[in-house]
Amino acid sequence: MGLLLLFGVVMSLSLAKPGFSGTTSSFNVMQYGAVGDGSTNDAPAFVKAWEDVCHQSNSHISRLIVPAKTFLLRPVIFKGPCKSKYIYIQLTGNIVAPKTKGEYKGSQINTWLSFNYVEGLIISGKGTIDGRGSIWWDQPCLGNPVPGTTCRPPTALTLYRCNRFALKGTRHLNPARSHITLTSCKYGKISNIRMTAPDESPNTDGIDISGSSNIRVLDSFIGTGDDCIAISAGSSRIHIAGITCGPGHGISIGSLGTRGEMDNVEDVTVRNCTITETLTGVRIKTWQGGIGYARRIKFEGIRFVRANNPIIIDQFYCPHRTDCKNETKAIRVSDVTYRGIVGTSLTKEAINLRCDQNIGCSNLVFDRVSLSSAVAGQKAIAFCHNAHGTASHTKPSLTNCLLPN
Ligand SMILES: *[C@@H]1O[C@H](CO)[C@@H](O)[C@H](O)[C@H]1NC(C)=O
Ligand SMILES: *[C@@H]1O[C@H](CO)[C@@H](O)[C@H](O)[C@H]1NC(C)=O
C-alpha cells in the first residue's frame, strides 16, 4: 500500500511540467459543457470548470485546458484564492468577447475577463484573446451615462491582486479599452505576447500597471494605438525589456498626481526596446498639484523610429481639462537616466523636459543619446524648463539647456 502510494506520487512528479514538482490535476472546459462554436456564451461552463480548478486541494498544479476552438465569453470573474500552489491555464483556443454591448449588461465592473486574488496564476499558450472592441470605439457608453460620471468601456483582461503570475505566448486583439490591466499584483512576468489594435482605436493601451511591484514585461510586440505600457501610481520594481512598441503612444510613466493625489513610482527600467511611429516615445507625465515622486527610472538601449516626441518629461500634463492651473505642489521627478538611445524624431523637439517651476526635475542623466530629425531639412532640438542634470555625448545638445544639479 505504502509502495503503491509512493509509486503514484513519483508518476505524478514525472508528469508535471518541468520546473515544477508535485502533482498536476487537469480540467477541460469541454467537460463542463463549453460548446466552443464562437456564438454560445461559454462563460457559465468556464466558471464551473474554474470552481473545480480553483478548489482542487490535493494537487500542486491545477490545470484548466482551453482547447483549440473559439469560445464566446460574456464578462466573467475568475475568483481566488485557490487551493493549488499554481493555477495553470493552457490557452490553445481563442476567447472572443460579445459582439453587442447589451451582452455586457449586468456586469458591474469595467472589465471583460478578470482574475481576482489568484496566486500562482499561469496563462500560457498560442491562443487569442479577442476583445472585439470596435463596437465601443465610436460610442463608448451603454445608453445615456449619468452626467458627470465617466463611462468606461471594459478592459479585456484584468489581474487584480494576483501574486506570482505569468502570462506567456498569447495573442491579444482589439480590446474595448486596455488590453491588460495589472492592479495590486506582485511578482509577475509577461513574456512573448503579441498585442494589436488599429492605430486610431481610442484608449486601447497595451499594458496598464498600477499599485504593482516586481513585474517584468519581456520580449513582446505591442502595437495598439495608445500607450504600449503605462506605469502608474504605487508601482515599483518594474522591468521592461525587448519590447517592440508602435503604432501608439510609447511607454509612459503616469499620469501621476491628478486632482492633488499622492502618487509614487520608483525603480523602473526600460531596456532594449524599439519604439516605432508613436506619438510619444518614453514619457513621464505628472499633473500640477500632486504630491509624491517618480524616481530611479532608467531608459537604456532604446531605438526610436520616427517617433513624434522621443523623450518627454511633462510636469504640466493636463489633457481634456479646462481648469489647468499651475500649483505650488508637484510630483518630484528625480534620478532619471537616458543611456544608449538612438533614432529619429518627427517633431523638432526630440528632447522635451518641462519640469515644474518650483520643484523642478533633478539628477537627470543623459549619456550617449543621439536623436536626429526624421524630416529632411529639419533640425532636432532640445527644450528644457527647470531641468537639472548632466549630459555626455548627447545630440541634440543639452548644453545651455540642462541646469546643474
Ligand atoms: C533585445 O530585444 C529583442 C526583441 O525585441 C530580443 O530578440 C533580443 O534578444 C534582446 N537583446 C538583449 C541583449 O536583451
Ligand atoms: C505654467 O508654468 C509653465 C512654466 O513656467 C508655463 O509654460 C505655463 O504656461 C504655465 N501654465 C499656466 C496654466 O499658467
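Each remark here, short or long, concerns the structure printed above.
Residues numbered from 1 in each chain as written. Chains lettered and ligands numbered in written order. Predicted model: local features only at pLDDT ≥ 70, side-chain atom pairs only at ≥ 80, totals over all residues. Heavy atoms only, no water.

Engineer: Got a minute to help me understand the state of the cysteines in this structure?
Structural biologist: In a disulfide, the sulfur atoms of two cysteines are held together by a covalent bond. Summed over the entire model, instances satisfying the criterion amount to five disulfides. Across the disulfide from Cys 228 sits Cys 245; the S-S distance is 2.1 Å. Disulfide Cys 228 to Cys 245: torsion about the S-S bond roughly 90°, handedness right-handed. Note that Cys 228 is positioned in the loop between strand 18 (213-223) and strand 19 (229-231) and Cys 245 in strand 20 (residues 235-245), a separation of 17 residues in sequence. Both residues of the pair, Cys 228 and Cys 245, belong to the buried class. Here Cys 318 engages in a disulfide with Cys 324; their sulfurs sit 1.9 Å apart. In this structure, the disulfide formed by Cys 318 and Cys 324 twists by about -80° around the S-S bond and is classed as left-handed. Look at Cys 318 and you get partly exposed, because its relative accessible area is 22%. Residue Cys 162 stays outside any disulfide, its sulfur separated by 5.0 Å from that of Cys 185, the closest cysteine. (Disulfide = S-S within 2.5 Å. Helix = DSSP H or I, 4+ residues; strand = E, 2+ residues; numbered from the N terminus. Buried < 20%, exposed > 50% of the residue type's maximum accessible area, 1.4 Å probe, protein only.)

Engineer: Would you mind going over the side chain of Gln 315 with me for this structure?
Structural biologist: By the element assignment, Gln 315 lies in the loop between strand 25 (309-314) and strand 26 (332-345). Gln 315 has contacts with Thr 286, Trp 287, Gln 288, Ile 331, Val 333, Arg 354, Cys 355, Asp 356, Gly 360 and Cys 361, leaving out every residue within four places of it along the chain. (Contact = heavy atoms within 4.5 Å.)

Engineer: Even after reading the chapter, I still don't get the site of ligand 2, so can you show me in this structure?
Structural biologist: Near ligand 2 you find Phe 316, Cys 324, Asn 326 and His 385, and these make up its full shell. In this structure, an oxygen atom belonging to ligand 2 sits 2.3 Å away from a side-chain N or O atom of Asn 326. Contact between ligand 2 and His 385: an oxygen atom at 3.4 Å from a side-chain N or O atom of the residue. Relative to its free-state accessible area of 360 Å², ligand 2 is covered by the protein chains to the extent of 43%. Looking at the shell around ligand 2, its residues break down into two nonpolar, two polar and no charged. (Near = heavy atom within 4 Å. Polar contact = N/O pair within 3.5 Å; in protein donor to acceptor, adjacent residues only side chain to side chain. Areas by Shrake-Rupley, 256 points an atom, 1.4 Å probe, with all protein chains shown as cover. Nonpolar A, V, L, I, M, F, W, Y, C, P; charged D, E, K, R; others polar.)

Engineer: Looking at this model, I keep getting lost on the pattern of salt bridges. Mind explaining?
Structural biologist: Pairing between side chains of opposite charge can happen when the charged atoms of each approach one another. Scanning all chains against the criterion turns up 12 salt bridges. Between Asp 227 and Lys 285 there is a salt bridge whose closest N-O contact spans 3.7 Å. One end of the pair, Asp 227, is in the loop between strand 18 and strand 19; the other, Lys 285, is in strand 23 (residues 280-286), with 58 residues separating them in the sequence. Residue class for Asp 227 comes out buried when judged on its relative accessible area of 3%. Among the ionic pairs, Arg 296 bridges to Asp 267, the shortest N-O distance being 2.8 Å. Of this pair, Arg 296 sits in strand 24 (residues 291-307) while Asp 267 sits in strand 22 (residues 262-276), and the two are 29 residues apart along the sequence. (Salt bridge = Lys/Arg side-chain N within 4 Å of Asp/Glu carboxyl O.)

Engineer: Could you clarify how one ought to interpret the packing of aromatic side chains in this entry?
Structural biologist: Aromatic rings considered in pairs are described by the distance between their centres and by the relative angle of their planes. Using the criterion set out here, one finds nine aromatic pairs in the structure. The interplanar angle of 15° and the centroid separation of 4.6 Å between the aromatic rings of Tyr 338 and Phe 366 together place this pair among those described as stacked. Of this pair, Tyr 338 sits in strand 26 while Phe 366 sits in strand 28 (residues 361-373), and the two are 28 residues apart along the sequence. Pair check on accessibility: Tyr 338 and Phe 366 agree, each one buried. Among the aromatic residues, those joined into a cluster by ring pairs are Trp 50, Phe 78 and Phe 115. (Phe/Tyr/Trp six-rings, centres within 6.5 Å; stacked < 30°, edge-to-face > 60°.)

Engineer: What should I look at first to understand unusual backbone geometry in this one?
Structural biologist: The residue after Gly 254, namely Ser 255, is reached through a cis peptide bond having omega 10°. Pro 396 follows Lys 395 through a cis peptide bond whose omega is 0°. Relative to the helices and strands, Pro 396 is located in the segment after strand 30 (387-395). Its identity as a non-glycine residue notwithstanding, Arg 161 has a phi of 50°, on the positive side.

Engineer: What's the story with the side chain of Thr 394 in this structure? I'm lost.
Structural biologist: When you line up the elements, Thr 394 lands in strand 30. What makes Thr 394 buried here is its relative accessible area of 15%. A polar contact is formed between the side chain of Thr 394 and the backbone oxygen of Ser 392, at a distance of 3.1 Å. With residues up to four places along the chain from it excluded, the contact list for Thr 394 reads Ile 351, Phe 366, Asp 367, Arg 368 and Val 369.

Engineer: How should the sheet that holds strand 11 (residues 155-160) be read in this particular structure?
Structural biologist: In a beta sheet, neighbouring strands are held together by backbone hydrogen bonds and run either parallel or antiparallel to one another. With parallel pairing, 11 strands are arranged side by side in an open sheet as 5-8-11-14-17-19-21-23-25-27-29. Each edge of the open sheet carries a strand with a single partner, namely strand 5 (76-79) and strand 29 (381-385). Neighbour to neighbour, the strand axes of the sheet diverge by 10° on average, direction disregarded. As judged from the five bridges shared by strand 8 (residues 111-116) and strand 11, these two strands associate in the parallel manner. Bridge pairing links Leu 113 to Leu 157 in strand 11. On the sheet, helix 2 (residues 43-55) packs against strand 5 and strand 8 and is oriented at approximately 5° with respect to strand 5. (Pairing = 2+ DSSP bridges. Axes fitted to C-alpha atoms, helices over the stretch in contact; angles between N-to-C directions.)

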